[in-house]
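Listed below, chain by chain, are the residues.
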Amino acid sequence: MASNESNSAQEAMRARQSATPLADALDEQRINRLAHFDVPAHKGGRMNAELPEYFGKRCMELDVNSMKPLDNLGHPVSVIRDAQALAAEAFGADNAFFMVNGTTSAVQTMIWTACGRGDKIILPRNVHRSAINALVVNGAIPIYINPGRDKRLGIPLGMSVADVKRAIEEHPDAKAILVNNPTYYGICSNLRAIVRLAHAAGMLVLADEAHGTHFYFHEQLPVSAMAAGADMAAASIHKTGGSLTQSSILLPRKPVNPD
Ligand SMILES: Cc1ncc(COP(=O)(O)O)c(C=O)c1O
């Protein structure tokens, strides 16, 4: 009985997940051949013959401004909102925000959400420069953990649970811990254990999943941030999910306020 219920829940989810509200709305404006009186000035590729020759006609027709039927990323109320809700469900998050400035913007949003000036954040020394730049801008204080190095391969590793435990004990006032899931070289820390330690100490867990989008979609891959109970994740769909460049996703879940 229980497994029948979970099968039918999975089927219902699969059916919902086959919807593509944003792509449909884009295609509709293409099919309707709207007259463009706005940017981009190539007018669906009609103004400049070289562009459709180079990129393809369809691509030019889909390169349009933000307009009412296509919703607005800054305050989504229709097709972008619906697409984001589908993405949140697919990733097991409470909310999803499409990011257009790469995962850099998602990492920075996570940090600025969790910490203000003077707040401490625990993070590995091999964190991406987007995180360091976020700290430079908002004045939060990094508590670095040395990830160590694999001597044979010469690559940096992840954070050990023992080092995270020590950092939490030494800095119980830290607001958050940032974890690379995985690192640039594909190394994963023990995320579930880190989440347990951080939450017991009242700290948020932020996951930089620039290289971990695929973790959400195969059970034999390492655990994803949302499945491990992290509070926010930044996933580079354009790196490990195969989307267009700069596209990324920010995934918050309770208690993080999506607003
Ligand atoms: C671990 C890590 N985090 C964040 C980023 C930033 O991603 P993006 O280039 O999408 O801004 C990168 C980019 O290489 C990265 O390797």
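First things first, this report covers the structure right here in the doc. (Residues numbered from 1 in each chain as written. Predicted model: local features only at pLDDT ≥ 70, side-chain atom pairs only at ≥ 80, totals over all residues.)

### Let's talk about the overall build of the protein
Then, number 1: Counting its regular elements, the protein contains 11 helices and 9 strands.
Then, number 2: Per-residue burial for the protein yields a buried fraction of 34% across its 259 residues.
Then, number 3: Restricting the contact set of the protein to residue pairs at least 6 apart, pairs at least 24 apart contribute 59%. (Helix = DSSP H or I, 4+ residues; strand = E, 2+ residues; numbered from the N terminus. Buried ≥ 20, exposed ≤ 12 C-beta atoms within 10 Å, placed from the backbone. Contact = placed C-beta atoms within 7 Å.)

### Let's talk about the sheet that holds strand E1 (residues 97-99)
Then, number 1: Read across the sheet, 7 strands follow the order E1-E9-E8-E7-E6-E2-E3 without closing on themselves; strand pairing throughout is mixed. Every interior strand has two partners, whereas the edge strands, E1 and strand E3 (141-145), have only one. Taken over all neighbouring pairs, the strand axes of this sheet differ in orientation by 20° on average, direction set aside.
Then, number 2: In this sheet, strand E9 (residues 248-252) lies alongside E1 in antiparallel orientation, the contact comprising 3 bridges. Following the sheet pairing, Phe97 is matched in E9 by Leu250.
Then, number 3: Relative to the sheet, helix H6 (residues 102-114) contacts E1, strand E2 (120-124), strand E6 (176-180), strand E7 (204-209), strand E8 (232-235) and E9, its axis offset from that of E9 by approximately 25°.
Then, number 4: Sheet strands touched by helix H8 (residues 161-170): E2, E3 and E6. Its angle to E3, the strand with the most contacts, is close to 145°. (Pairing = 2+ DSSP bridges. Axes fitted to C-alpha atoms, helices over the stretch in contact; angles between N-to-C directions.)

### Regarding the nonpolar core
Then, number 1: Core analysis: the largest hydrophobic core is formed by 53 residues, its most contacted members being Ile177, Leu206 and Ala230.
Then, number 2: No other element matches H6, which puts 5 residues into this core.
Then, number 3: Excluding residues that lie within four positions of it along the chain, Ile177 makes contacts with Ile122, Leu123, Val164, Ile194, Ala198, Met203 and Val205. (Core = buried A, V, L, I, M, F, W, Y, C linked by C-beta atoms within 7 Å.)

### Focus on helix H5 (residues 79-91)
Because an α-helix packs 3.6 residues into every turn, residues spaced three or four apart end up facing the same way.
Then, number 1: Between the first and last C-alpha of H5 there are 18 Å, a value that for 13 residues agrees with the 18 Å anticipated at 1.5 Å per step.
Then, number 2: Restricting attention to buried positions, one finds in H5 the residues Ile80, Ala83, Gln84, Ala88 and Phe91. Around the axis of H5, the buried residues are gathered within 145° of arc, so they sit on the same side.
Then, number 3: The inward-facing, buried residues of H5 abut helix H2 (21-31), E1, helix H10 (225-228) and E9. (Expected span 1.5 Å × (residues − 1). Arc of directions from axis to C-beta.)

### A short note on the site of the ligand
Then, number 1: The environment of the ligand is made up of Gly102, Thr103, Thr104, Val107, His128, Ser130, Asn180, Tyr184, Asp208, Ala210, Ser236 and Ser248.
Then, number 2: Of all the elements, H6 adds the most residues to the shell around the ligand, at 4 residues.
Then, number 3: The residue inventory of the shell around the ligand, partitioned by class, reads 3 nonpolar, 8 polar and 1 charged. (Near = placed C-beta within 6 Å. Nonpolar A, V, L, I, M, F, W, Y, C, P; charged D, E, K, R; others polar.)

### So, the pairing of E9
Then, number 1: A large share of E9 lies buried, amounting to 5 of its 5 residues.
Then, number 2: Where E8 meets E9, 4 bridges bridge the pair, whose relative direction is antiparallel. Residue pairing in the sheet places Ala234 in a bridge with Leu250 of E9.

### Notes on the pairing of E2
Within a regular strand, the side chains alternate between the two sheet faces.
Then, number 1: Extensive coverage of E2 is indicated by the burial of 4 of its 5 residues.
Then, number 2: With 5 bridges joining them, E2 and E3 adopt parallel strand pairing. When the bridges of E3 are listed, Lys120 appears paired with Ile141.
Then, number 3: The parallel pair E2 and E3 is bridged by helix H7 (residues 129-138), and the resulting crossover is right-handed.
Then, number 4: Sheet topology note: the E2/E6 ladder contains 2 bridges and is parallel. In the sheet register, Ile121 faces E6, and the bridge partner there is Ala176. (Right-handed = clockwise from strand over helix to strand, strands pointing away.)

### Remarks on unusual backbone geometry
Then, number 1: Cis geometry marks the peptide bond from Val39 to Pro40; its omega dihedral reads -5°.
Then, number 2: The peptide bond linking Asn181 to Pro182 adopts the cis configuration, its omega dihedral lying at 0°.
Then, number 3: Assignment of secondary structure puts Pro182 in the loop between E6 and helix H9 (191-200).
Then, number 4: The phi angle at Lys43 is positive, at roughly 55°, despite the residue not being glycine.
Then, number 5: Relative to the assigned elements, Lys43 resides in the loop between H2 and helix H3 (50-55).
Then, number 6: For Asp71, which is not glycine, the phi torsion reads 70° and is therefore positive.
Then, number 7: Tracing the chain through its elements places Asp71 in the loop between helix H4 (57-62) and H5.

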